[in-house]
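Coordinate analysis (summary)
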Amino acid sequence: MVQKTKKGGKFSPGKEATPTPNPKPWPNLPPRLTSLIAIQPSLMQNITALGGTTKSWRVAPACYRKLDDKPRMPQLVEINATDYKRPQHSHKIDVSFHEKYFFFYYKRRSYQYRDPWIYFKGYSHGQLVAMSCDLSKCCLREPEGKCTRYLPCWDCNLPFKFATLSSSPKDWKLPTKYTKLSSLPKHQYVCNVMVLTGICSPAFAFFRWGKDQKGWIVENCTLTEPYALNQHMQFTNAIGFQGKFYALSLQGSLAVIEDIDSHFQITAGGANRAVPSVVSRQFREYLLESNGEIFLVFLISRKSINVVDDVEVFQLDICKLLWVKVESLGDVMFFVEDECCMSLSASKVGCRGNCIYFTHQRVKEWFVFDMETCCISPTSGPNIEFTKSPMWDELMEQ
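Residues numbered from 1 in each chain as written. Predicted model: local features only at pLDDT ≥ 70, side-chain atom pairs only at ≥ 80, totals over all residues. Heavy atoms only, no water.

**Some remarks on the pairing of strand β22 (residues 310–317)**
The buried fraction of β22 is high, at six of eight residues. With six bridges joining them, strand β21 (residues 293–301) and β22 adopt antiparallel strand pairing. Residue pairing for β22: Leu-299 is matched across the bridge by Val-311. Across four bridges, β22 lies against strand β23 (residues 322–325) in antiparallel orientation. Note that in β23 the partner of Leu-316 across the bridge is Trp-323. (Buried < 20%, exposed > 50% of the residue type's maximum accessible area, 1.4 Å probe, protein only. Helix = DSSP H or I, 4+ residues; strand = E, 2+ residues; numbered from the N terminus. Pairing = 2+ DSSP bridges.)

Here you go:
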């Protein structure tokens, strides 16, 4: 697969990517939260998903409208969809935030991160998915630096949008590089890694951790998109949950993907379309897990693509596969950002509950959406004001 750059030249995906001079810090959260995560790594389990996908509406082509008088379903397109196909646009991130807190350094030596500058390709269930500079080698890393587990080499001719894991580390035991896979019981082989390509052919790549599998299982999607005419599903967002994958297509279809008899299959589809309930110019969607439930957050731009003027939250009814609009989060608050989604108990960290904190693509400042008043307001610059935090006080006493 050959892709073109903005200047019209050709890009060879096998070539090494150009490193970025200034790696981005990750997770890109308010400093107070980063401090808490640095001294209590278990909070990393509250971070889910890669980040958001930006979509915009488009009018159905005129040739389709002339075929008959039937109303056509509005179509969606992904904004900046070609960026993930061009690895030279990938950026490196710095996850060495654990080393910045010297008071805890000597008590937690194992959390030192030796190689902080890596290409970020997703975060799921406490595992960060990273790629090397040649864009073929990929691995799973725990951000606190405990372990690195290598995945099969990636075919650089295939797009790599992002990766996610099927289940939580507490539900499976990954072997280290010193562990013989043959010595592990079969019931421990319950972790699957999935890569979304963002296209329909191929649509997925899977790897069964611990099995005698030497490479990725690459599969196409031949299912017809229910919200588009004569199109196959192409998936742009996904989350691993309780051993399964829940993937959203470009047009808002939900698909449940399971590993059945050594074959990955789409076993069920969503009952409704995952789109905002209000008219908008574009929106950004975030999938995240909170307290054993799957949520979908929409940052909606009604009038201008440069301004977020509405936020909607939906929860997935797992049994019915139905997206239900959420009116209140109670004591819970969400942080949603381009490469990080996090759910926290507001009372524990000393912040406002029933709120969605977010950053916009073009603005580094944090904003807050109050679920009760449905109002959006800016916070105090890049920081967020925290009240007295019981969790922080407890950690400082240790």
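What follows continues from the structure just given.
**Details of the sheet that holds strand β14 (residues 204–208)**
Note on sheets: strands pair through backbone hydrogen bonds, and any given pair is parallel or antiparallel. Taken in spatial order, the four strands line up as β12-β13-β14-β15 in an open sheet, and their pairing is antiparallel. Of all strands in the sheet, those with a lone pairing partner are β12 (162–165) and β15 (217–219), marking the two edges. This sheet shows a mean twist of 20 degrees between the axes of neighbouring strands, independent of strand direction. Pairing geometry for β14 and β15, over three bridges, is antiparallel. Counterpart to Phe-204 in the pairing with β15 is Glu-219. (Axes fitted to C-alpha atoms, helices over the stretch in contact; angles between N-to-C directions.)

**Some points on the pattern of salt bridges**
Within the structure shown, the criterion is met by eight salt bridges. Between Arg-208 and Asp-259 there is a salt bridge whose closest N-O contact spans 2.9 Å. Here the residue Arg-208 occupies a position in strand β14, and Asp-259 occupies one in strand β18 (residues 254–260), the gap between them amounting to 51 residues. For Asp-259, a relative accessible area of 29% translates into the label partly exposed. Where Lys-325 meets Glu-312, a salt bridge forms, and the shortest distance between an N and an O atom there is 3.3 Å. Residue Lys-325 is found in strand β23, and its partner Glu-312 is found in strand β22; the two are separated by 13 residues along the sequence. Note on Glu-312: relative accessible area 3%, which makes it buried. (Salt bridge = Lys/Arg side-chain N within 4 Å of Asp/Glu carboxyl O.)

**With respect to the sheet that holds strand β17 (residues 244–249)**
Read from one edge of the open sheet, four strands run β16-β17-β18-β19, paired in antiparallel fashion. The sheet is open, and its two borders are formed by β16 (235–241) and β19 (263–269), each paired with just one other strand. With direction set aside, neighbouring strand axes in the sheet form an average angle of 30 degrees.

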